[in-house]
Amino acid sequence: MASVTLEHVEKIYPGDVKAVDDVSLEIKDKEFMVLVGPSGCGKSTSLRMVAGLEEITSGTIRIGDRVVNDVAPKDRDIAMVFQNYALYPHMTVYKNMAFGLKLRKYPKEEIDRRVRDAAAILGIENLLDRKPKALSGGQRQRVAVGRAIVRKPQVFLFDEPLSNLDAKLRVQMRVEISKLHARLQSTMVYVTHDQVEAMTMGDRICVMKDGVIQQVDEPISLYDNPANKFVAGFIGMPPMNFIEGTIVEEGGKLHFDEGNFRLPIPDDKAARLRDASLTSGVATLGIRPEDIHDPSERKDATGHAEISARVEIIEPMGAELYLYLTTGKTPFVARVQPHAQAGVDDQKSLIVDLSKIHFFDPKTEKTLT
């Protein structure tokens, strides 16, 4: 296996459309790296440049110690799994999986061994004689992954491979791909727009927006310490609430004032705001829905503050409730336990965990705390 390194890589299409802007990223040997972001952020283009399916405008791409800028895709020792599976409809599963090895003139016995080993890993031994039209979406995806496995490449590239599957099958397949990575101990680069896939599968996650890397970190670090407002809002479901207000100082203590409620700012976060020279003025508060609680869930009020808001919509999710609320000025979401007492149009008291609040600069959108 091998590492993958992108150094100041850019991709500019005709019309001066910059799809990838000065991307530098090091993917370690045997790492599962996920590129995530909204449509058009440059993640698939970055992956296709690693694969050699898109020419780079400038910069350097290395696989291991080898610069591959001018190396043909077939000579990069990578295998790619596409969103649409890209199976040959006239070939059986066996022949689809064997085709790449046959082109490379592997011995027949070696091809047979690799195909059957990959089929066993993926649980598709009983499908080898079928053609793609006789397979379900999940089975086709397994065949596409199997075709990559038999190559034993240095790097596996996955371009939104689960987006055509139904929700239940997506969960099953993402577990299978994670187990496959653990078993093969291979370098994998995985592109998705689904932050749940990114959080559950990646050793590290690279969040992109408008062709620019916003943050690269382990999943829990992205969740707890987002570098900016975009990352904070993209990672987590439901998304983080953003509330505009002002920082005010009273009696030597900083508070966040929304207009309809006021929250005391914990000393550690206040110290960081002071370091940022923000002891007054406009700021954006960030608070995740799961850090806003029904009073019945919190017996100890230490480190918490109460706010009141009107309930607009209630979404029962089985194990929890999503409450969509408004202070009259600001809409926000709370994720509470299913037994919480709430009705539409109720004026509801809620408890905010002050240790989990974030602050962002309203101009630069960078984190302040």
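Calculation notes
- Residues numbered from 1 in each chain as written.
- Predicted model: local features only at pLDDT ≥ 70, side-chain atom pairs only at ≥ 80, totals over all residues.
- Heavy atoms only, no water.
- Helix = DSSP H or I, 4+ residues; strand = E, 2+ residues; numbered from the N terminus.
- Buried < 20%, exposed > 50% of the residue type's maximum accessible area, 1.4 Å probe, protein only.
- Contact = heavy atoms within 4.5 Å.
- Areas by Shrake-Rupley, 256 points an atom, 1.4 Å probe, with all protein chains shown as cover.
- Core = buried A, V, L, I, M, F, W, Y, C linked by side-chain atoms within 4.5 Å.
- Pairing = 2+ DSSP bridges.
- 1 Å grid on protein atoms, 1.4 Å probe; cavity = no way out; pocket = protein on both sides within 12 Å on 5 of 7 lines; lining within 4 Å.
- Points joined across faces, edges and corners; volume = space filled by probe spheres on them.
- Nonpolar A, V, L, I, M, F, W, Y, C, P; charged D, E, K, R; others polar.
- Salt bridge = Lys/Arg side-chain N within 4 Å of Asp/Glu carboxyl O.

J.: Where do I start with the overall build of the protein in this structure?
T.: Check the secondary structure of the protein and you find nine helices and 20 strands. Taking all 369 residues of the protein together, the buried fraction comes to 50%. In the protein, the proportion of contacts linking residues at least 24 apart, taken out of those at least 6 apart, comes to 66%. Split by element, the accessible area of the protein, about 17,300 Å² in all, is 49% carbon and sulfur.

J.: Would you mind going over the side chain of T326 with me for this structure?
T.: For T326, the location among the structural elements is in strand β17 (residues 321–326). Here T326 falls in the buried class, since its relative accessible area comes to 12%. Excluding residues within four positions of it along the chain, T326 makes contact with A309, R310, E312 and P331.

J.: Mind showing me how you'd approach the nonpolar core here?
T.: As a rule of thumb, soluble globular proteins bury nonpolar side chains together. With 46 residues, the main nonpolar core has M97, V115, F158, Y190 and V207 as its most contacted residues. With near-sequence residues (within four places) excluded, F158 lies in contact with L47, V81, V145, I177, M188, V189, Y190 and V191. Judged by nonpolar contacts, the second largest core, of 31 residues, contains I243, L285, L321 and L323.

J.: Is there a simple way to think about the pairing of strand β11 (residues 241–250) in this case?
T.: Looking along a regular strand, one sees the side chains alternate between the two faces of the sheet. Both β11 and strand β14 (residues 281–287) contribute to a ladder of seven bridges, which runs antiparallel. Looking at the pairing, F242 lines up with G286 of β14. Note that β11 and strand β12 (residues 253–257) share five bridges and pair antiparallel. Its bridge partner being in β12, V248 is matched across the sheet by H255.

J.: Before we go on, may I ask you to explain the layout of surface pockets in this structure?
T.: Empty space among the atoms can be located by rolling a probe the size of a water molecule over them. Within this model, the largest pocket holds a volume of roughly 510 Å³. Lining the largest pocket are 18 residues, and of these M80, F82, R104, R147 and R151 lie nearest its centre. If you list the elements that add at least two residues to the lining of the largest pocket, you get β6 (78–81), α2 (93–103) and α4 (137–149). Along the lines of polarity and charge, the residues of the lining of the largest pocket split into 13 nonpolar, one polar and four charged. Of the volumes computed, that of the second largest pocket is approximately 250 Å³. Lining the second largest pocket are 15 residues, with D224, N225, K269, S355 and H358 sitting closest to its centre.

J.: Help me out: how do you make sense of unusual backbone geometry in this one?
T.: Across residues other than glycine, the phi torsion is negative in most instances, and most of the peptide bonds are trans. With omega at -5°, the peptide bond leading from M237 into P238 counts as cis. Within the secondary structure layout, P238 lies in the loop between α8 (229–234) and β11. Non-glycine residue D345 carries a positive phi angle of around 75°. Along the chain, D345 falls in the loop between β18 (331–336) and β19 (347–353).

J.: Sorry if this is basic, but what is going on with the pattern of salt bridges here?
T.: Oppositely charged side chains may form a pair once their charged atoms are brought near each other. Scanning all chains against the criterion turns up 24 salt bridges. Across the salt bridge formed by K348 and D294, the nearest N and O atoms sit 2.4 Å from each other. Taken together, the residues span a long stretch of sequence, with K348 in strand β19 and D294 in the loop between β15 (292–293) and β16 (304–316) at a distance of 54 residues. Each member of the pair, K348 together with D294, is buried. Shared partners join several salt bridges into a network, and the residues in it are E110, R113, R114 and D117.

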